[in-house]
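Examination of the molecular architecture
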Amino acid sequence: MEKKINYHDEQNKINIQRMREVLATLPPFCKQFFRGIENQTSARTRLAYAYDIRLFFEFLHEKNAVCAKTEITDYPLSLLDQIDREDVEEYMEYLSLYERDGQEITNDERGKARKLASLRSFYNYYFTSELITTNAPSLVPMPKLHQKEIIRLDPNEVAKLLDQVEEGTALTEKQRDFHKKTRVRDLALLTLLLGTGIRVSECVGLDLNDVDFDNLRIKIRRKGGYEDVVYFGDEVENALMDYLKERSHILPVSGHEDALFLSLQNRRITVRSVEKLVKKYASLVTSLKKITPHKLRSTFGTNLYQETGDIYLVADVLGHKDVNTTRKHYAAMQDQNKRKAAKAIRLREDD
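In this report, the structure presented in the accompanying data block is examined. Predicted model, so just to flag it, every value in this text is computed and none were measured.

Quick notes on the layout of surface pockets
By volume, the second largest pocket is sized at about 480 Å³. Elements with a contribution of two residues or more to the lining of the second largest pocket: α7 (155-167), α8 (173-196), α10 (234-247) and α12 (293-308). Split by residue class, the lining of the second largest pocket holds 9 nonpolar, 6 polar and 5 charged.

Here you go:
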């Protein structure tokens, strides 16, 4: 019998395998950096670093006349000392628009900031280990990030979205054929996302035994690998119970018996599938907002903050380790609350 698949362990194995594949395309000295940060980072984070660092070396190989003469896998550690501030600045400009595999790729200020942060971490490791004497990325300022408006569903849009999931009246004829098979599952899944604010990866990773109806809570694996408990209300409870009645009559593919949410192929549903179903239903409600699973998380966070005004509670429930992350996202709402507070106080009654 095939061993049951633990979603998080399986994803970790996939990321480790991908990491090895990327490392094979990088200079050998890079392995030391990734070994050095292994205990402080997840496999997913290290893989993101590896992709960013590989892009930097590809830029050097493509645009730097000296580096072009040597294969990337033959670059020595001493090359890092030969890179100056101007090289890094040219790299940042390159990130604005470049071509890969016949496709044009662009990076906004956040994309550039993340790639510069990866490069800084990479250089800092060798610099603090006294293996190089210069640190060019540290001389380049981080791009200024402009505050992005929080895109979320308004309360009436949430109601319409769930109505469409339940009834499917605005779906095409072909979509309605699928809707008959997935309606109960989709309603449970979207009600859970909207009612708890969990991430899509946390949602698809749920197993049957992670749901505790006695205490109305679920056990999830947060970003970073630690376990957390999130509580849910009556609407989520009812939607989940309806789905589990249906789920009990489904025979999952071997290895997927524990998965809470199953695809039509009776396998654990994927992140991509959830993204597609959110897009499908959200398009029936609003054409002006690009709604993703993360925007449902923002919707939950907004509603919770508006109801409680407690930024620490919102941070805790959303699983933000640093409350400043939460405060940054909901800064505009905090300002609105401060304005309300100013108007709420009357020093003298009007005559």
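Focus: a negative patch on the surface
Together, D84, E86, E90 and E93 line one region of the surface with negative charge. Assignment of secondary structure puts E86 in helix α5 (residues 85-94). Residue classification places E86 among the partly exposed positions, given a relative accessible area of 49%.

A word on the environment of A65
Its location among the elements puts A65 in the loop between α3 (43-63) and α4 (79-82). C-alpha separation for the pair A65 and L162, spaced 97 residues apart in sequence, amounts to 57 Å.

Considerations on the side chain of K112
Of note, K112 is situated in helix α6 (residues 109-128). A polar atom in the side chain of K112 sits 2.5 Å from the side chain of S96. Residues in contact with K112, not counting those within four places in the same chain, are M92, L95, S96, N107 and P143.

Concerning the pairing of strand β5 (residues 227-231)
Here β5 shows a clear split, with D228 and V230 buried on one side and none of E227, V229 and Y231 buried on the other. Here strand β4 (residues 217-221) pairs with β5 via 5 bridges, running antiparallel. Paired with K219 across the strands is V229, a residue of β5. Counted along the chain from β4 to the antiparallel partner β5, the turn is 5 residues long, and its residue G224 has a positive phi close to 105°.

Topic: α3
Relative to the 30 Å expected for 21 residues at 1.5 Å per residue, α3 spans 30 Å between its end C-alpha atoms, a close match to the ideal helical length. Elements that come into contact with the buried residues of α3 comprise α1 (7-23), α2 (30-36), α4, α5, β1 (98-100) and α6.

What about the nonpolar core?
In globular proteins that are soluble, nonpolar side chains generally tend to be buried together. Ranked by internal contacts, the top residues of the largest apolar core, which has 42 residues, are L190, L192, I198, I218, F261 and L296. Elements that contribute at least two residues to this core include exactly α7, α8, α9 (200-204), β4, α10 and α11 (271-282). Element by element, the count of residues in this core is highest for α8, at 8 residues. With residues near it in sequence (within four places) discarded, I218 still touches L192, I198, L206, D210, V211, D228, V229, V230 and F232. Listed in part, the 39 residues of the second largest apolar core include L47, F57, F59 and C67.

Remarks on the packing of α1 against α3
Relative to each other, α1 and α3 sit at 25°, their axes nearing to 9 Å. Relative to α3, α1 is oriented roughly parallel. As for how α1 packs across α3, the hand of that crossing is left-handed. Taking contact as the criterion, the partners of N12, N15, I16, R18, M19 and V22 in α1 are, on α3, A43, R44, R46, L47, A50, Y51 and R54. Broken down by class, the residue content of the contact of α1 with α3 amounts to 7 nonpolar, 2 polar and 4 charged.

Points about the pattern of salt bridges
Considering all chains together, one arrives at 17 salt bridges under this definition. The salt bridge partner of R217 is D212, with a shortest N-O separation of 3.1 Å. Here the salt bridges share partners, and the residues they tie into one network are R54, E58, E62, K63 and R100.

Overview of the sheet that holds strand β3 (residues 211-212)
Ordered by their spatial adjacency, 3 strands build an open sheet running β3-β4-β5, and the pairing between neighbours is antiparallel. Of all strands in the sheet, those with a lone pairing partner are β3 and β5, marking the two edges. Bridge count between β3 and β4: 2 bridges; the pairing is antiparallel. Within β4, the position partnered with V211 by the bridge is I218.

With respect to the packing of aromatic side chains
Evaluation of the coordinates by the stated rule reveals 20 aromatic pairs. Ring geometry for F56 and F57: centres 5.9 Å apart, planes at 50°, overall tilted. Taking the relative accessible area as the measure of exposure, F57 reaches 0% and is therefore buried. With a centroid separation of 5.3 Å and 25° between ring planes, the pair formed by Y243 and F261 is classed as stacked. Of this pair, Y243 sits in helix α10 while F261 sits in the loop between α10 and α11; the two residues are 18 residues apart in sequence, bridging distant segments of the chain. A cation over a ring is seen here: K280 above Y281, with NZ or CZ 4.7 Å from the ring centre.

Quick word on the packing of α7 against α8
At their nearest, the axes of α7 and α8 sit 7 Å apart, and the two run at 155° to each other. With respect to each other, α7 and α8 are oriented roughly antiparallel. In this structure, α7 contributes V158, L161, L162, Q164, V165, E166 and E167 to the contact, and α8 contributes H179, R183, D186, L187, L190, T191 and L194. For the contact of α7 with α8, the residue count by class is 7 nonpolar, 3 polar and 4 charged.

What counts as what
Residues numbered from 1 in each chain as written. Predicted model: local features only at pLDDT ≥ 70, side-chain atom pairs only at ≥ 80, totals over all residues. Heavy atoms only, no water. 1 Å grid on protein atoms, 1.4 Å probe; cavity = no way out; pocket = protein on both sides within 12 Å on 5 of 7 lines; lining within 4 Å. Points joined across faces, edges and corners; volume = space filled by probe spheres on them. Helix = DSSP H or I, 4+ residues; strand = E, 2+ residues; numbered from the N terminus. Nonpolar A, V, L, I, M, F, W, Y, C, P; charged D, E, K, R; others polar. Patch = residues over 30% accessible without salt bridge, like charges linked within 9 Å, V, L, I, M, F, W, Y side chains within 5 Å. Areas by Shrake-Rupley, 256 points an atom, 1.4 Å probe, with all protein chains shown as cover. Salt bridge = Lys/Arg side-chain N within 4 Å of Asp/Glu carboxyl O. Lys, Arg positive; Asp, Glu negative; His and termini not counted. Charge placed at Lys NZ, Arg CZ, Asp CG, Glu CD. Buried < 20%, exposed > 50% of the residue type's maximum accessible area, 1.4 Å probe, protein only. Polar contact = N/O pair within 3.5 Å; in protein donor to acceptor, adjacent residues only side chain to side chain. Contact = heavy atoms within 4.5 Å. Pairing = 2+ DSSP bridges. Expected span 1.5 Å × (residues − 1). Core = buried A, V, L, I, M, F, W, Y, C linked by side-chain atoms within 4.5 Å. Axes fitted to C-alpha atoms, helices over the stretch in contact; angles between N-to-C directions. Parallel < 35°, antiparallel > 145°, perpendicular 65-115°, else oblique. Left-handed = near helix turned anticlockwise from the far one by under 90°. Phe/Tyr/Trp six-rings, centres within 6.5 Å; stacked < 30°, edge-to-face > 60°. Lys NZ or Arg CZ within 6 Å of the ring centre and 35° of its normal.

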